[in-house]
Structures are given as structure tokens and as C-alpha cells.
Amino acid sequence: MWRRFSDHLNGCAITANDALRGTIKSLPMTPSHDQMANAIRALAMDAVQKAGSGHPGMPMGFADVATVLFTRHLKFNSDKPLWPDRDRFVLSAGHGSMLLYSALYLLGYAKMPMEEIKNFRQLGGAAAGHPECDPAAGIEMTTGPLGQGLATAVGMAMAERLLAARHGDDLVDHYTFVAAGDGDLMEGVSHEAISLAGHLKLAKLIVLFDDNHISIDGPLNLSESGDAIGRFEAAGWAAERVDGHDADAIDAAIARAKSSDKPSLIACRTTIGYGAPNKQGTAASHGAPLGEDEIAAARLKLGWDAAPFEIPDDILSAWRSAGQKSKSDFDAWVIRSAAMSSKDRGEFERTLSGALPEGLTPALEDYRQRLAEETPGWASRKASQEVLEVITRAIPETIGGSADLTGSNNTRSSVQSAVTGEDFSGRFIHYGIREFGMAAAMNGMALHGGVIPYSGTFLVFADYCRPAMRLSALMKQRVIYVMTHDSIGLGEDGPTHQPVEHLASLRAIPGLNVFRPADAMETAECWQLALEAKDAPSVMALTRQGLPALRTTYTPDNPCRRGAYELLPATGAARVTLLATGSEVSIAVKARDILQADGIGARVVSMPCWELFEAQSLDYQAETLGANQIRIGIEAACQMGWDRFIGPQGAFIGMTGFGASAPAGELYEHFSITPHAAAAAARARL
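A short tour of the structure in this document, coming up. (Residues numbered from 1 in each chain as written. Predicted model: local features only at pLDDT ≥ 70, side-chain atom pairs only at ≥ 80, totals over all residues. Heavy atoms only, no water.)

Where helix α4 (residues 97–107) contacts helix α12 (residues 313–322), the two axes come as close as 7 Å, and the packing angle between them is 90°. It follows that α4 is roughly perpendicular to α12 by the angle criterion. Between α4 and α12, the contacting residues are Y105, L106 and L107 on the first element and L316, W319, R320 and A322 on the second. Grouping the amino acids of the contact of α4 with α12 by side-chain chemistry returns 6 nonpolar, no polar and 1 charged. (Axes fitted to C-alpha atoms, helices over the stretch in contact; angles between N-to-C directions. Helix = DSSP H or I, 4+ residues; strand = E, 2+ residues; numbered from the N terminus. Parallel < 35°, antiparallel > 145°, perpendicular 65-115°, else oblique. Contact = heavy atoms within 4.5 Å. Nonpolar A, V, L, I, M, F, W, Y, C, P; charged D, E, K, R; others polar.)

To continue, consider the pairing of strand β17 (residues 630–634). Most of β17 is tucked away: 5 of the 5 residues are buried. Bridge analysis of β17 against strand β18 (residues 651–653) gives 3 bridges, and the strand direction is parallel. Looking across to β18, one finds that I632 is bridged to A651. (Buried < 20%, exposed > 50% of the residue type's maximum accessible area, 1.4 Å probe, protein only. Pairing = 2+ DSSP bridges.)

Estimates place the volume of the largest pocket at around 720 Å³. In terms of lining residues, the largest pocket is bounded by 31 residues, among which L352, S353, G354, H448 and G449 are the most central. Only α13 (327–338), α14 (342–353) and α18 (435–448) provide two or more residues apiece to the lining of the largest pocket. When grouped by side-chain class, the residues that make up the lining of the largest pocket number 13 nonpolar, 8 polar and 10 charged. A volume near 360 Å³ is recorded for the second largest pocket. Around the second largest pocket, the lining comprises 23 residues; the ones closest to its centre are G183, I214, S215, I216 and H286. Contributing elements (two or more residues each) for the lining of the second largest pocket: α7 (182–186) and β4 (214–215). Looking at the lining of the second largest pocket, the element that brings in the most residues is α7, giving 4 residues. Here the residues of the lining of the second largest pocket sort into 9 nonpolar, 10 polar and 4 charged. (1 Å grid on protein atoms, 1.4 Å probe; cavity = no way out; pocket = protein on both sides within 12 Å on 5 of 7 lines; lining within 4 Å. Points joined across faces, edges and corners; volume = space filled by probe spheres on them.)

To continue, consider the packing of helix α3 (residues 57–73) against helix α10 (residues 247–258). Interaxial distance between α3 and α10 falls to 9 Å at its minimum, and their mutual angle equals 55°. Relative to α10, α3 is oriented oblique. Here the hand of the crossing between α3 and α10 comes out right-handed. Where α3 abuts α10, its residues D64, V65, V68, L69, R72 and H73 lie against A247, D248, I250, D251, I254, A255 and K258. Per-class residue counts for the contact of α3 with α10 are 7 nonpolar, 1 polar and 5 charged. (Left-handed = near helix turned anticlockwise from the far one by under 90°.)

Before going further, it helps to examine the pattern of salt bridges. Evaluated as defined, the whole model comprises 32 salt bridges. Of the charged contacts in the structure, one is a salt bridge between D251 and R72, with a shortest N-O distance of 3.4 Å. Linking D251 in helix α10 with R72 in helix α3, this pair joins segments that are 179 residues apart in sequence. A residue is classified by how much of its surface remains accessible, and D251, at 23% relative accessible area, is partly exposed. With a closest N to O distance of 2.7 Å, D598 and R683 form a salt bridge. With a gap of 85 residues between them, D598 in the loop between α22 (585–597) and β16 (602–606) and R683 in helix α27 (residues 675–685) connect regions that are remote in the sequence. (Salt bridge = Lys/Arg side-chain N within 4 Å of Asp/Glu carboxyl O.)

See below:
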């Protein structure tokens, strides 16, 4: 009698007698790479077809690359998706969202079950048309606007190095991978991003380029003939080409990239819509369902005979095993983090949570008391610089920067040294003249966690930052945009540099707090509010010209928290309310004096943040704006947005066109933004 023995290959136990008798014909086989990649292709085809819209071509063409990345290289734990030391994966080509959703389902992410795959592109579903930021579901950021995923990933890679420099490689040691398409590389922000990444030698940033030679209009050569490899190499990257359907070649290229001392581009030559016999390699597979007949033909060509939305057990099991492949790395990381001192571990966890240190509030209270005593007449950009001296000492994770305007934006404090490619222990980043890239990188740092990014440029250049600022708001990230030279008050540089429409433009972005403080006290208070807003980005619109101190008495509360408040009451019955922001609040104060001298009761309301004001109760809003009073709005910008505050009987004192080149004082007179003009407008309406 043959003795029984165990063969644990694939968990199977057999006996020698069974083998001799031929009762076992074959052992269960590990699914092939092609079968696992085809699972992504099948889910992408089926989900897009069911939804009636979407982009099947990219997921089908890039499935081989994604399968290699997720099953052989990416460090993550599908059971612990928020593991701080996980590798980040950014699908910059966000239109190919079913690539990501399919992988997340297959890998076992709890927030992406099959029900969500079937609910692709439907209201309230986790599988939105383009990925929407939800790290707990494995979606690191919102993508879709091409180029921004790549540029934001640069910030993620920067944050990884910044935290490693502070907490050590034992706790922070991971890669940032990007899946990017031709559209990502054509967008202008990609040039800014790859240049910055090369300069900072972000060796843990790896871009996998879906080099499929197709755009919506047709073959890529309709609009592009550049050399992507040469371009990246010129920016200081390692770059190479591979066959995007050769799993072993992809695997080897990623391994080489992970050992490089430069950021890496791997151009993966793929066929869009791979497997669809009549539409692959053409724009027809890009942005519309393949159709039932083509899907049937693709199933036949790929050898995929499972029903729609069904994954064979062996293939799903192999994918789920891949979802757990880094569990030992995770367990080892937990042990290392537990070995930290309680103080160091507490600080590490605090910064990752986004909580502010306890010392910030008392430090700011002391500072505000000094302001009340000293009453400085600083420009608000100078006031910002002074409060940053307090903030950057109290919050070590603040990372400042500027788009080559450090001396004008005043964003660097005395405790911040420069970050370089060789040394990430610094806390100030010289972004160069890359406003869009800067804004996107700050989004990446905020998304990564562990740092609070802020940086500066001129307010007029918000136009360059705006697409990333919109994503800051959409993703609810604490990113602080310091934007100085906020009006005609900058003077002689003229209308090209004088923002007129920009405040209205930024206030139109939902979820973005736009602060325009009136003096040093308000500047400190607005900075505190921006830092406390964990789920919202902020703009600090600051002046070049000096501003008189208007708040000269310390109060423990922060009136800017309400967005608008009565700065000066009327003497006697109020007949006029003067509403103003920033540098024009002092004009409102002088206009009040003129009206009061004429026996007309007038009050002044400072409105440093409209968004916070409109979040107050309706009763508070009505009380602050004043009932049965003439309201005059004063702001050196366009009128758009003011009508809801001043009402049909009110008046606006501000800009109706572009500015001009002249000293600031002359410009205010020229454009009639003066105390006398405001007072006259009030009298005319009484």
C-alpha cells in the first residue's frame, strides 16, 4: 500500500495511489498573466456597455501594464487602504477609470464591490465617470483634467521625501506611480511638472506612459510629432521604451526604474482597445461603448467565456492574493512604528492626521496682543510674512514656497531653509516660474498627508493656477495660496499685473475660501482660519501697499471667523452701511467719518471672507448687512458678486475695466475709489 503524502501546491492534497490510478487528470493551475489582464478588459467592456458611456480603450490597452504593476510591484494592503507607507498610484489618464475600478475590485478593496462596478457612472456610485478622490477606496486623487494627475503626483513624491527626511526611511519609504497618456504629456502643466521633478531628483516617481499613438481625433500624428523619451531625458529623467503587452519586459523596466537615482518614464507601446478585433488600435475604441457585437468578438479573441461581470474563481483568487502580497511589509511597518518613542509616534500620527499642534493657538493669541499694542501699518503681504514667523515655528510641517517671487510674496520665514534634490530637510520650495505646476504639486503634498503646503505668486497669476485650485476645492484639500499684489494698489506695473476680475473668479469656485484681510490683525486671523480649514483650500489675497491698523484692541475671539463683522458702528441711528474688503476697508472708515460729520449715521462692515459669511445664519447675515440701510460696497475689483450684498438700492465703488500704470494713490483717485466717492454715492441714495 502506498502511503498518503501531501502536495501543497495550490493547497491540494493527493495520494500516490490516486496518481497511479489516473483519477487525477490535472492540478489546478495558477492563472496566466494574460488571463488576469483579461479580467480587467472584460470588466471595462461590460461596465462601459452597461452604463452606455465611458472609455473602454485605455483600460483594455493598458491592462497588461496595470496587471504587472499591481501584482508584482505596487506596495499596498487592500485591507488597510490608508496605510501611510503604501505606494501611491495615480491614474492621470482619468478617462480610463474602469482600469482603476476593475483593479480595485479584483484586489479586494471593500469599497469597490461588484455592485459598484455594475453601477459605473451612476448617481451616488463609487465608480464615477472619472476617478474621484477616496483613498479609503484606493482612489488617491480626482483625475480627468489631463496633465494634473502627473503634476499632482510630483507633489506626492515630494511629500514622501520630505517626510522621510523628518521621520526616517523605516517609516516613510514608498514610490509614486503614474499612469499617463498622450494627452497628459501634451498638456502644458506636464512640462512644468517633469522639469520640477527632474530638478529635485525625485527618484521614487515612476511614470508609466500609455504610448498608444491615438487621440480622440484619430492618430496621434495629427497633432504631435515630438520625442517623449528625449524630452524626459533632457529634464533629468531616466526614460526607456518597452512593449506594453510584454509582461516580462514591463516587469524588468519597472525594476530598473525602482533602482534608478532619477525619476523614471517607461513608455509602454500599447494598442488601444486591445482585444477588440475591429476597433483596437483606432479612436473608435476610445470614448464610447464597444457595442454588443464587438464585445462578443473580443471575448472570442481573448478566450474569455465568462458571462458579463463574472470573474472565474481561480482568476479572482489570484487577484485577491495579489491584494495581500504586501501584508508582510505592512506587518513589519506596524512593528517599526510601534517601536518609536511615544513622543515621536504621537507627532508622526498628528501630522498624518492633519491636526494642528496645541501650541499654535496660544502663539497666535500672544502675537495678536502684540499687534494691538504696536498697531503696525504694514502691507498685508508684510503682515503675512510676520505671522508666518509665528506659524512656521509652531507648525513644523508647514512647507512654504513661491513661484520665483519669494521677495515679493514674503512667503519664506527665517526658520525655513530651501529644499534641494540632495536635501529634503528644508521647508521652502523654489518652484520657479511654474505657477500651475506649483499649485498641482501642493495638491499632491496635501493628498499625501503629513505636510501643510502653502506657496505664493501674484493674484493676477491665479489664472495660471486656477485648474489646480479647482481640484483643491473639489478634493477638499488644505492648500493655502498666498496671492499678493491684489489690486490696482500695486501701482506702476500696470494693467497686465493688476487683478480686476480675479477675486470674482476665485469666489466662483465652490469650496474655496478667499480671504482679503484689511490690516495686520485680520491677516493673522485669516491665516489661523486657513490653517484650521482641514477640508478646504484658501486664498490669501494680500496688498503690496501699506495699510493702516484698524483693529487696535485685542479680543480673544476671532471675528474674521464669521466672514464679515461690524468694524465700526454708527453714531446715532444707522442710515448707511459701508461694506468693504482688504485695502478698501480703510477707505470705508474715512467715508464713514465724512458721513458722520454731515449728521448721517454710517457703520463699517469688514468682509474678509464671503464664503465664511454666507455660512453664517440668515439672522446674522441680515444683522451684519443692516436692515433698511443704504449699502455701499467698496472693493478695487469688478462688481461681480457684490449685488447680493448691496441690494438693488445700493451702490458699488470699484473697477469697471482694466487698470493703468501709475502710482497707487493716483490710480485710486483716477478710478474714483475714494472716501468722497463712497460718501457721495450714499448721499445720492438717501
